[in-house]
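Read off the chains here:
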Number of protein chains: 2
Amino acid sequence: MLLRVRAAVAQLVAGLGAGAQPPAEPRGGGDGGSPAGASFCRPAFLQLTPEELRRADDHAGRAVQSPRDGRRRLPWSTGYAEVINAGKSQHNEDQACCEVVFVERRPSLRGRLPSRESSGELDRGRKGFYFHYWALFDGHAGSGAAVMASKRLHLHICEQLRDLVDILQDPSPPPICLLHDTRAGPAEPSRVPLTEDDGEVPNDAVPRFHLEKAVSHESLVIGAIENAFKHMDDQIERERSSQRLSGGCCALAAVYLMGKFYVANAGDSRAIIIRNGEIIPMSREFTPETERQRLQFLAFLRPELLGKEFTHLEFPRRIQPKELGRKMLYRDQNMNGWAYKKIEEDDLKFPLIYGEGKKARVMATIGVTRGLGDHDLKVFSSNIHIKPFLSCFPEVRVYDLTQYEHCPDDVLVLGTDGLWDVTNDKEVAGVVMEVLTSYEPNDPCRYTMVAQELVVRSRGVLKERGWRLANDKLGSGDDISVFVIPLGGPGNYT
Amino acid sequence: MLLRVRAAVAQLVAGLGAGAQPPAEPRGGGDGGSPAGASFCRPAFLQLTPEELRRADDHAGRAVQSPRDGRRRLPWSTGYAEVINAGKSQHNEDQACCEVVFVERRPSLRGRLPSRESSGELDRGRKGFYFHYWALFDGHAGSGAAVMASKRLHLHICEQLRDLVDILQDPSPPPICLLHDTRAGPAEPSRVPLTEDDGEVPNDAVPRFHLEKAVSHESLVIGAIENAFKHMDDQIERERSSQRLSGGCCALAAVYLMGKFYVANAGDSRAIIIRNGEIIPMSREFTPETERQRLQFLAFLRPELLGKEFTHLEFPRRIQPKELGRKMLYRDQNMNGWAYKKIEEDDLKFPLIYGEGKKARVMATIGVTRGLGDHDLKVFSSNIHIKPFLSCFPEVRVYDLTQYEHCPDDVLVLGTDGLWDVTNDKEVAGVVMEVLTSYEPNDPCRYTMVAQELVVRSRGVLKERGWRLANDKLGSGDDISVFVIPLGGPGNYT
């Protein structure tokens, strides 16, 4: 059985300004119709009883949570498992969402009837289409942003797609220009006749090119998801005071729409596809190290954002004042290599990017450079804002499910960094193959078993010297959340 | 026999300011000790007679030029070929350089004797090492920048490496901080003892991390090459009036040093390695399309650079004033996908990036976004400078020659866009394999034969309807220049 969401879309859009109501709660949501709030909760699809919720929140036991057998199953028999951290924060700051969302064509306000026959008639006479959606949100400095994003991001994606219902279902290339404003009028797009002979010639610049770029349907979906992340971030900003939304979160979302997966990542979660034993990366991480040049470039162009406390240059370690005048290795926004420079007074400031690997930080504060929220985040005991350096925009990668015949052992794995910090791609692929072969291909529990095993192997077991992996190395003390999504024919599952 | 260059380094560095002399001419240079100038010439290693030069400059015949048999051979028996364009500019605006450069350790100005025994004693008692160097420069809007860069870039690389002579020959990790300024004192690096107990504690910021990043020898070479490009660009800027240097150029340089190839690319030339029939890309192109987001980000942060004539948003085609208020596809600096927006007054400006493929332009002016020169380039009949949007920094890729046993058929191919516009990677690999198998593996001419064949196949033959390829498609009407560098054991060639 599916979890279906009727996107209640009345006043969702960002354009309504600060007084906008949050969209109505999806059916099956954990806290009814009340505003998202920042209170601790677990994903609605886990359907935890209060007693189960208490157990899930226990840092000592770190019991692995999954949708229970006999309760509602996730779409496509998706596997899911999570575990709380070993005590680094009061609650599990990861959040998850899995939904099937109906995108309804925006109704005509002018009362004109839609004329296209190609539009889908899928939901009791309403025109639109469905998308499947899975997402993980890894919160930091509070759970408010992650909780709200887990309840809202798919509705923002739905809202962005509403204008595209007809366009995406029409096989001809999307129109470059729409005749009418679809928010105020009918959604039906019409091409502007460029040959229209009304004698009007643009006079602001002589057109040197008479080109028209072809834009694909796929890139419209990518644009819709990108802007949905932006609107989600705007909503968190607007409502952070009234809803007491604290912190920020990384967001990793997979949207399945018309035969394609769109995997959108903003932060340091990760998605991989395992197909016939082969690993296909579906995301990359956005950290101070991977985004160093973007951040240095911004700081170079807008030095006022550094509040006279930081330098945009990178040095391999802190410089001591007595080293003034000596030569030290550095790199700037243009460089990938290193060179020596004479240390000047200004170089004694703290570097914008500092530290290596998991310890790398922007302005000594935050270790991820994309995500939602963090609007109030400042450098410790200063008035320097971090947010201008963070991007809420995801990178979206596309995987065409129709280009390859998938078997039931082919999966898309989404995991927060709690998984990947201790288990690499290859190890994850190994666990996936190992567990799946021990269950019948048509056993709907097998993907949950994989998810649980991935979480258990990354958490480890509690010994006298903390949580330990099989090889006696330290297990992940972080929150861990994993989706295992089977690719072997969605048609078989929906 | 090798072409050896003694880098005369006296006053090369940019630090000497506008009055600096250009470095002395490399031995074998085409115009003796005179300043580079902007006059037309062909690579010195071609050793063209005046009559041959005239023939090379003939747009109708488009004779392919290569180093002649019986004259000086290029290092490693490197193959080279070039041909002039079909008339798009008066002269061949491509330039090439191939040298072996000795990097001499900077002498001690304080008279202290070097103490390291690990330093090389390679050149009659002088401490230093050699690097091999091949480079292509694809000029535009005049040949001045390309000619100067072809005569000087390797000397700037040499100059940057001089401070690293001892460090690169010492197997221990490079020192983070040097005790002395090597320009003013001995080049010998010394580690700053971090445990030094002098009671001095940095008081400008509480150190939160006690990390020291490891920096590799390789990344020092990358940094040296990056800064050499910058110094080259600065020199062109300084001397463009006195030397009448016009235009700009793409630059693609391959440096072989201590067992590794460093391939540095700024522009739309391309390098690939063909190894055992497999293609390994060694560069990527920098164009308005590949660098769209960097350019849009800059324009978004510095709108004054657009001179009120351009918008940083991208649209699939020009907007007509009568379309105001309608919705049109766009994307901004954060997006990879496309979305609709309502057209406002500001959107009627010309887009910063416009056009597709080879026709894409920055501010309707230039089709490459990295390179040297172009300091005076402006938007047609305006006072809007293009240079702020262009980067002189290359991307440097490293290939470790010692990690794989190469056979005589393994080559590194460098080509200007005249080659790649009509012949793709796979076709180039096909020609390489086809030609090489028809010559003995130890025939030193075989790489020249490959280079010639690549140029001929991209130029095509002159028919009644212009230059045509074997498949009757249009051949490249651009200048075409190609290096074919054998990887099969440099030890056998040097």
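Residues numbered from 1 in each chain as written. Chains lettered and ligands numbered in written order. Predicted model: local features only at pLDDT ≥ 70, side-chain atom pairs only at ≥ 80, totals over all residues. Heavy atoms only, no water.

Labelled according to an unreviewed UniProt entry, chain A appears under the name Protein phosphatase, Mg2+/Mn2+ dependent 1J, originating from Aquila chrysaetos chrysaetos.

### A look at the packing of aromatic side chains
For clarity, the cut-off: Geometry of aromatic contacts follows a simple scheme: Phe, Tyr and Trp rings, the Trp one being its six-membered ring, pair when their centres are within 6.5 Å, and the pair is stacked under 30 degrees between planes, edge-to-face over 60, tilted otherwise. Helix numbers and strand numbers start at the N terminus; a helix is a DSSP run of H or I with at least 4 residues, a strand a run of E with at least 2. Only protein chains enter the accessibility calculation, which uses a 1.4 Å probe; a residue whose area is less than 20% of its type maximum is buried, one above 50% is exposed, and one in between is partly exposed. Comment: the charge-over-ring label is applied if NZ (Lys) or CZ (Arg) is within 6 Å of the ring centre and within 35 degrees of the ring normal.
Using the criterion set out here, one finds 25 aromatic pairs over all chains in the structure. Seen from their ring centres, Phe45(A) and Phe483(A) are 6.0 Å apart, and the 45 degrees between their planes marks the pair as tilted. With a gap of 438 residues between them, Phe45(A) in the loop between strand 1 (4-6) and helix 1 (50-56) and Phe483(A) in strand 22 (residues 480-486) connect regions that are remote in the sequence. For the pair Phe45(A) and Phe483(A), a shared accessibility class is recorded, and that class is buried. Members of the aromatic cluster, connected to one another through ring pairs, are Trp76(A), Trp134(A), Tyr256(A) and Phe261(A). A cation sits over an aromatic face here: Arg275(A) above Tyr404(A), 3.7 Å from the ring centre. Above the ring of Phe286(B), the side-chain terminus of Arg370(B) is found at 4.0 Å from the ring centroid.

### Section: the packing of helix 5 (residues 292-301) of chain A against helix 5 (residues 292-301) of chain B
The following threshold applies: Axes, fitted as lines to C-alpha atoms, cover a helix only where it is in contact. Angles between the N-to-C directions of the axes lie from 0 to 180 degrees. Throughout this description, any angle smaller than 35 degrees is read as roughly parallel, any larger than 145 degrees as roughly antiparallel, any in the 65 to 115 degree range as roughly perpendicular, and the remainder as oblique. Crossings are assigned a handedness: left-handed for a near helix turned anticlockwise from the far helix by less than a right angle, right-handed for a clockwise turn. Residue contacts follow a heavy-atom distance rule, with two residues in contact if any of their heavy atoms lie within 4.5 Å. Amino acids are sorted into nonpolar (Ala, Val, Leu, Ile, Met, Phe, Trp, Tyr, Cys and Pro), charged (Asp, Glu, Lys and Arg) and polar (every other residue, Gly among them).
Close contact between helix 5 of chain A and helix 5 of chain B brings their axes to 11 Å; oriented N to C, the two are set at 25 degrees. Relative to helix 5 of chain B, the element helix 5 of chain A is oriented roughly parallel. Helix 5 of chain A and helix 5 of chain B meet at a crossing whose hand is right-handed. Contact residues: helix 5 of chain A offers Arg294(A), Phe297(A), Leu298(A) and Leu301(A), while helix 5 of chain B offers Arg294(B), Phe297(B), Leu298(B) and Leu301(B). Across the contact of helix 5 of chain A with helix 5 of chain B, the residue classes break down as six nonpolar, no polar and two charged.

### Quick word on the pairing of strand 19 (residues 411-415) of chain A
Residue and element names in this part refer to chain A. Selection criterion: For two strands to pair, DSSP has to find at least two bridges joining them.
Buried residues dominate strand 19, accounting for five of its five residues. Side chains of strand 19 alternate between two faces, with Val-411, Val-413 and Gly-415 and Leu-412 and Leu-414 buried alike. Bridge analysis of strand 9 (residues 270-275) against strand 19 gives five bridges, and the strand direction is antiparallel. In the strand pairing of strand 19, Arg-270 is matched with Gly-415.

### With respect to the confidence of the model for chain A
Residue and element names in this part refer to chain A. For clarity, the cut-off: The pLDDT score gives, residue by residue, the confidence of the prediction method on a 0 to 100 scale.
Summarising the model, chain A shows a mean pLDDT of 85, and 81% of its residues fall at 70 or more. In the model, residues 1-38 has pLDDT below 50 throughout and makes 81 contacts with residues more than four positions away in sequence or in other chains. This model gives residues 181-209 a pLDDT under 50, and the stretch forms 72 contacts once residues within four places in sequence are excluded.

### Observations concerning the relation of the copies chain A and chain B
We count it as follows: The superposition of copies rests on a least-squares fit of C-alpha positions from residues with pLDDT of 70 or more in both.
Rotating chain A by 180 degrees and translating it 0.0 Å along the rotation axis places it on chain B, where the RMSD comes to 0.0 Å. Interpreted geometrically, this transformation is the action of a two-fold axis. If distances are taken from each C-alpha of chain A to the rotation axis, the shortest is found for Leu301(A), at 3.7 Å.

### Some words on the pattern of salt bridges
Defined as follows: Criterion for a salt bridge: a side-chain nitrogen of Lys or Arg within 4 Å of a carboxyl oxygen of Asp or Glu.
For the structure shown, the criterion picks out 72 salt bridges over all chains. Close ionic contact of Arg294(A) with Glu291(A) constitutes a salt bridge, the shortest N to O distance being 3.0 Å. For Glu323(A), the salt bridge is made with Arg317(A), and the minimal N-O distance between the two is 2.6 Å. For Glu323(A), a relative accessible area of 0% puts it in the buried group. When salt bridges with common partners are traced through the structure, they connect Lys213(A), Glu289(B), Arg292(B), Glu314(B) and Arg331(B) into a single cluster.

### Focus: helix 5 of chain A
When you tally the buried positions in helix 5 of chain A, you get seven out of ten residues, the bulk of the element. Those residues of helix 5 of chain A that sit buried are Arg292(A), Leu295(A), Gln296(A), Phe297(A), Leu298(A), Ala299(A) and Leu301(A). Elements in contact with the buried residues of helix 5 of chain A: strand 15 (353-354) and strand 16 (361-362) of chain A together with helix 5 of chain B.

### Some details on the sheet that holds strand 19 (residues 411-415) of chain B
Residue and element names in this part refer to chain B. Here five strands make up an open sheet; going across it, the order is 2-22-19-9-10 and the pairing antiparallel. The two strands at the open ends of the sheet, each matched to only one other strand, are strand 2 (79-83) and strand 10 (278-281). Pairwise comparison of adjacent strand axes, ignoring direction, gives a mean angle of 20 degrees for this sheet. Taken together, the five bridges between strand 2 and strand 22 (residues 480-486) define a ladder with antiparallel strand orientation. Bridging across to strand 22, Val-83 finds its partner in Ile-480. Packing of helix 7 (residues 425-437) onto the sheet brings it into contact with strand 9 (270-275), strand 10 and strand 19, and relative to strand 9 it is tilted by some 50 degrees.

### Focus on the interface of chain A and chain B
As a reminder of what qualifies: Accessible area that two parts lose when put together, with a 1.4 Å probe and added across both, is what the buried area reports.
Opposite the 77 residues of chain A that make contact, chain B presents 79 residues. Surface buried jointly by chain A and chain B totals about 7000 Å² across both partners, of which 58% is contributed by carbon and sulfur atoms. Along the contact surface separating chain A from chain B lie eight salt bridges. When the shortest N-O distance is used, the salt bridge between Glu314(A) and Lys213(B) registers 2.7 Å. Taken together, the elements giving at least two residues each to the side of chain A that touches chain B come down to strand 6 (177-178), helix 4 (217-239), helix 5, strand 12 (327-330) and strand 13 (339-342) of chain A. Element by element, the count of residues in the side of chain A that touches chain B is highest for helix 4 of chain A, at seven residues. Here the side of chain A that touches chain B is built from residues that sort into 40 nonpolar, ten polar and 27 charged. With two bridges connecting them, strand 12 of chain A and strand 6 (residues 177-178) of chain B associate as antiparallel partners. Opposite Met328(A), over in strand 6 of chain B, you have Cys177(B) as the bridge partner.

### Let's talk about helix 2 (residues 144-162) of chain B
Residues and elements named next belong to chain B. Here is the rule we go by: In this scheme, a helix's expected span is set at 1.5 Å multiplied by one less than its residue total. Bend angle per residue: angle between axes fitted to the 7 residues ending at that residue and the 7 residues starting there.
The first and last C-alpha atoms of helix 2 sit 27 Å apart over 19 residues, in line with the 27 Å expected at 1.5 Å per residue. Ser-150 marks the point of greatest bend in helix 2, at about 40 degrees. When you tally the buried positions in helix 2, you get 19 out of 19 residues, the bulk of the element.

### Some thoughts on the sheet that holds strand 2 (residues 79-83) of chain A
Residue and element names in this part refer to chain A. One open sheet holds the five strands; their spatial order is 2-22-19-9-10, and the pairing between them is antiparallel. Edge positions in the sheet fall to strand 2 and strand 10 (278-281), since each has one partner strand and no second. Neighbour-to-neighbour, the strand axes of this sheet turn through a mean angle of 20 degrees, independent of strand direction. Both strand 19 and strand 22 contribute to a ladder of five bridges, which runs antiparallel. Residue pairing across strands places Leu-412 opposite Ile-485, the latter belonging to strand 22. Where helix 7 (residues 425-437) meets the sheet, its contacts fall on strand 9, strand 10 and strand 19, and the angle it forms with strand 9 comes to roughly 50 degrees.

### Some details on the environment of Gly475(A)
Residue and element names in this part refer to chain A. On the secondary structure map, Gly-475 appears in the loop between strand 21 (466-468) and strand 22. Judged by relative accessible area, Gly-475 falls into the buried class, the value being 13%. For the pair Gly-475 and Glu-427, spaced 48 residues apart in sequence, the C-alpha separation works out to 14 Å. Apart from residues no more than four positions distant in its own chain, Gly-475 is found in contact with Val-422, Ser-458, Arg-459, Trp-467, Arg-468 and Leu-469.

### Considering unusual backbone geometry
One non-glycine residue, Ser381(A), lies in positive phi territory at about 50 degrees. Looking at where Ser381(A) falls in the secondary structure, it is placed in the loop between strand 17 (372-373) and strand 18 (395-400). Of note in the backbone geometry, Gln47(B) takes a positive phi value of approximately 50 degrees without being a glycine. Here Gln47(B) is to be found in the loop between strand 1 (4-6) and helix 1 (50-56). Residue classification places Gln47(B) among the partly exposed positions, given a relative accessible area of 32%.

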